[in-house]
Structures are given as C-alpha cells and as structure tokens.
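Here is how the chains run, residue by residue.
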Amino acid sequence: MQQEATKAVDMISESKTQASEGVDAVVAAEQALENITKGVSLLRETNNIVASSTEQQATVTHEINRNLVEMQSEEADTLNASEKMAQASQELQRLAEQLDLLVVSYRQVFG
C-alpha cells in the first residue's frame, strides 16, 4: 500500500508540475497575443499615417497640376501679347520711316 501511496504522490507531483508548465505556457501565449495585438495596432496606425500622407500628396499634386495649367495659359497669353507688341513696334517703325520721308519732303519743298 505504501508503494501505491508513493506512486499516487509521484503522480500528483507530476500533475502539479505539468499544470504549472501548462500555466506558464498559457501566460506565454497570452503575452504573445498581447504583442501581436500591439503589433497590429501599430500597423493600423502606420497605415493611417501612410493613407493620410498619400491623400496630402494627391492634394499637392493636384494643386501643382492646376498651377502648371494656369502657368501654361498665362504663358500663351504672354506670348500672344508679345507678338502683338512686336507687330505694333513694327508698325511704329514703319510710321516713323514714313514720317521721316515726309519731313525730308517738307524740307525740300519749304526748305
């Protein structure tokens, strides 16, 4: 009977050890799950930051494109105005030459 009691004590001791190891494994698993949860939370925050940055970049890109289109339009207007000024300058040059000829003629006649 004493052998059976010893076996029973050994089995209880082994069960206690296994239970303790099981508790340790559960605690370790719980810690791992907490770490995973923190990692997922951090990943979610990072994704939100990236999404926000992407949205801001899209807004800035749109603004840059709008400014470029506006600049192209202004460039075309400036080119058109420059061409008109060049034509007006040529016309003034032509009129100045005619005026010079008229002055020369006037001097020859009224001299």
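Notes on the structure in this doc start here. Not measured: the values here are computed from a predicted model.

Considerations on the overall build of the protein
Here comes step 1: Across its full length, the protein holds one helix and zero strands.
Here comes step 2: Relative to the 2.2 N^0.38 estimate, which gives 13 Å for 111 residues, the radius of gyration of the protein is 47 Å and therefore markedly larger than a compact globule would have.
Here comes step 3: With the principal axes as the frame, the protein shows a C-alpha extent of 160 × 15 × 10 Å.
Here comes step 4: Counting every position in the protein, which comprises 111 residues, the buried fraction comes to 0%.
Here comes step 5: Accessible surface, the protein: about 10300 Å² in total, of which carbon and sulfur atoms supply 60%.

Digging into a nonpolar patch on the surface
Here comes step 1: A surface patch of nonpolar side chains, amounting to about 380 Å² of accessible area, comprises V60, I64, L68 and M71.
Here comes step 2: If you trace the backbone, M71 turns up in helix α1 (residues 2-110).

A closer look at the packing of aromatic side chains
Here comes step 1: Tallied over the entire structure, the rule returns one aromatic pair.
Here comes step 2: Ring geometry for Y106 against F110: centres 4.8 Å apart, planes inclined by 45°, an arrangement best described as tilted. Taken as a pair, Y106 and F110 lie in helix α1 at a separation of four residues, close to a single helical turn. Per residue, the accessibility class of Y106 equals that of F110, and both read exposed.

Quick notes on the pattern of salt bridges
Here comes step 1: Evaluation of the coordinates by the stated rule reveals three salt bridges.
Here comes step 2: The partner of R66 in a salt bridge is E63, and the shortest N-O contact between them spans 2.6 Å. Here R66 pairs with E63, and both are found in helix α1, just three residues apart, close to one helical turn.
Here comes step 3: When its relative accessible area of 40% is taken as the criterion, R66 is described as partly exposed.
Here comes step 4: Each of E63, R66 and E70 takes part in salt bridges that share partners, so that together they form one network.

As for the environment of L42
Here comes step 1: Inspection of the secondary structure puts L42 in helix α1.
Here comes step 2: For L42, a relative accessible area of 53% translates into the label exposed.
Here comes step 3: In this structure, the C-alpha to C-alpha distance between L42 and K16, residues 26 residues apart in sequence, is 39 Å.

Thoughts on the environment of R107
Here comes step 1: Relative to the assigned elements, R107 resides in helix α1.
Here comes step 2: With a relative accessible area of 60%, R107 lands in the exposed category.
Here comes step 3: Counting along the chain gives 78 residues from R107 to A29, while the straight-line C-alpha distance between them is 114 Å.

Some points on the environment of M85
Here comes step 1: Mapped onto the secondary structure, M85 falls in helix α1.
Here comes step 2: Judged by its relative accessible area of 60%, M85 falls in the exposed class.
Here comes step 3: Sequence separation of M85 and V50 is 35 residues, and the distance between their C-alpha atoms is 51 Å.

What counts, and where the lines are drawn
- Residues numbered from 1 in each chain as written.
- Predicted model: local features only at pLDDT ≥ 70, side-chain atom pairs only at ≥ 80, totals over all residues.
- Heavy atoms only, no water.
- Helix = DSSP H or I, 4+ residues; strand = E, 2+ residues; numbered from the N terminus.
- Rg over C-alpha atoms; globule rule 2.2 N^0.38 Å.
- Buried < 20%, exposed > 50% of the residue type's maximum accessible area, 1.4 Å probe, protein only.
- Areas by Shrake-Rupley, 256 points an atom, 1.4 Å probe, with all protein chains shown as cover.
- Patch = residues over 30% accessible without salt bridge, like charges linked within 9 Å, V, L, I, M, F, W, Y side chains within 5 Å.
- Salt bridge = Lys/Arg side-chain N within 4 Å of Asp/Glu carboxyl O.
- Phe/Tyr/Trp six-rings, centres within 6.5 Å; stacked < 30°, edge-to-face > 60°.

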